[in-house]
Every structure is written in structure tokens, then in C-alpha cells.
Amino acid sequence: MTMMSQGVRTGVMLVSLAVVPTALASGGKGMTWAKVSHASGIDQVGCWGCDAYVGETDCRTALPLLCIHQDGAPTPSGLTGYYPYWAGGNIATTLLVPGQALTSLAAANQLCVNFFGTGWRMAEFHDGWGWGFHAYGNVRGDMRFWVYIDDTQGNCWNP
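What counts and what doesn't
Residues numbered from 1 in each chain as written. Predicted model: local features only at pLDDT ≥ 70, side-chain atom pairs only at ≥ 80, totals over all residues. Heavy atoms only, no water. Helix = DSSP H or I, 4+ residues; strand = E, 2+ residues; numbered from the N terminus. Buried < 20%, exposed > 50% of the residue type's maximum accessible area, 1.4 Å probe, protein only. Contact = heavy atoms within 4.5 Å. Areas by Shrake-Rupley, 256 points an atom, 1.4 Å probe, with all protein chains shown as cover. Polar contact = N/O pair within 3.5 Å; in protein donor to acceptor, adjacent residues only side chain to side chain. Phe/Tyr/Trp six-rings, centres within 6.5 Å; stacked < 30°, edge-to-face > 60°. Disulfide = S-S within 2.5 Å.

Q: Would you mind showing me how to read the overall build of the protein chain here?
A: Check the secondary structure of the protein chain and you find two helices and 11 strands. When its helices and strands are written in sequence order, the protein chain yields α-β-β-β-β-β-β-β-β-α-β-β-β. Expressed as a percentage of its 159 residues, the buried residues of the protein chain come to 45%. Pairs at least 24 apart in sequence give 78% of the contacts found in the protein chain among residues at least 6 apart. Of the roughly 7600 Å² of accessible surface on the protein chain, 58% is carried by carbon and sulfur atoms.

What follows is the structure in C-alpha cells.
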């Protein structure tokens, strides 16, 4: 991707975020995760302080989305940590996105596709097993990021 096409893609993303409808989560909160560690090209990410049941972060907050591309990468040896589960692919984070822009899983997945391309989607709580996982990447560690959960009301799009 050329610098010009990357700049155009970023500009289109920023404009599209400005015109999305507002999510109305119960209590106005969504779930976020954090980067726990990075070693040998592999990140460990997880809940650490999240509320997987109703969310803990105000949906008006702008944070990156954690996106994943599960390409079936084999599990590396030596995974450690409290949740040593492998997600089978690569992770990356978007630019900052207000949780209110996450009006549905489809909308969130489309943001990941727009930022990173076909095959990418929003990372889900159970991608490695639950509560945390490892994947190839080196996501930012200076702030939390939006992650969705498929079996509770912990998302900004849930009523």
C-alpha cells in the first residue's frame, strides 16, 4: 500500500466515523481489554480490569478497536501467562473510535476491514478461549481497546 492510498484510507475512515449513528448501550458502557505483554513478535492481551458482563468503559470514550485476522497460524511453543491461549493469527489496533460509533458487530467488523483489509474483524472475548489470548502483533500498550463479547451485554451496541 502506498503512502497516498494509506492516507486516503485514513481520511475516509475519519469522515465515516463522524457520520455513524450513536450506539445506546445499557448503562452506556462497553468492554475493553489491555495489552499484557509482548515477546518474540507475540502479544498477550486480556481482560485485566474489564467487566465482561456489562462493560466498564463509558461508550463516549474514544479508544482503538482490537482487530484480529485468524489465519490458522500454528500455536508457537512456550506461551506463558495466566491465559496462555492462542488465537491463531494476527492482531492490530485501529485509530481511536468512540464506543458510540460501535452500533453493531457488523459496523465494528467493517471498521477492521476498512483499516486492515479483507479477513480482519473485531476481536472477541473467546478468540483464544476467554479472558485473554496470545496472537502475533505488537499493539499499543498505552491505552485499553474495544473488544466484543458474544454471550453477554458487555458491548456498546447492546440495548
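The discussion continues.
Q: Explain the side chain of Asn-158 here, please?
A: Relative to the assigned elements, Asn-158 resides in the segment after strand E11 (145-146). Given a relative accessible area of 10%, Asn-158 falls into the buried group. Reaching out from Asn-158, the side chain makes a polar contact with the side chain of Asn-155 at a distance of 2.9 Å.

Q: I tried to follow the packing of aromatic side chains on my own but got confused; where do I start?
A: Any pair of aromatic rings gets described here by the distance separating the centres and the angle formed by the planes. Considering all chains together, one arrives at 11 aromatic pairs under this definition. Aromatic pair Phe-116 and Trp-120: ring centres 5.1 Å apart, planes at 40°, arrangement tilted. Overall, the relative accessible area of 27% leaves Phe-116 in the partly exposed class. Given the relative accessible area of 15%, Trp-120 is considered buried. Through pairs of rings, three or more aromatic residues link up here, namely Trp-33, Tyr-53, Phe-125, Trp-131 and Phe-133.

Q: How should the state of the cysteines be read in this particular structure?
A: Counting across every chain of the model gives three disulfides. Put simply, Cys-59 and Cys-156 are joined by a disulfide, and their sulfur atoms are 2.1 Å apart. On the S-S bond that ties Cys-59 to Cys-156, the torsion sits near -100°, and the link is left-handed. Taken as a pair, Cys-59 in the loop between strand E4 (57-58) and strand E5 (62-63) and Cys-156 in the segment after E11 lie far apart in primary sequence, 97 residues in all. With a sulfur-sulfur separation of 2.0 Å, Cys-67 is cross-linked through a disulfide to Cys-112. Taking the torsion about the sulfur-sulfur bond, which here is approximately -80°, the covalent link between Cys-67 and Cys-112 counts as left-handed. A residue pair is termed long-range when its members are at least 10 positions apart, and Cys-67 in strand E6 (residues 66-70) and Cys-112 in helix H2 (residues 105-116) qualify at 45 residues. Look at the protein chain and number its bonded cysteines as they come in the sequence; the links are 1-2, 3-6, 4-5.

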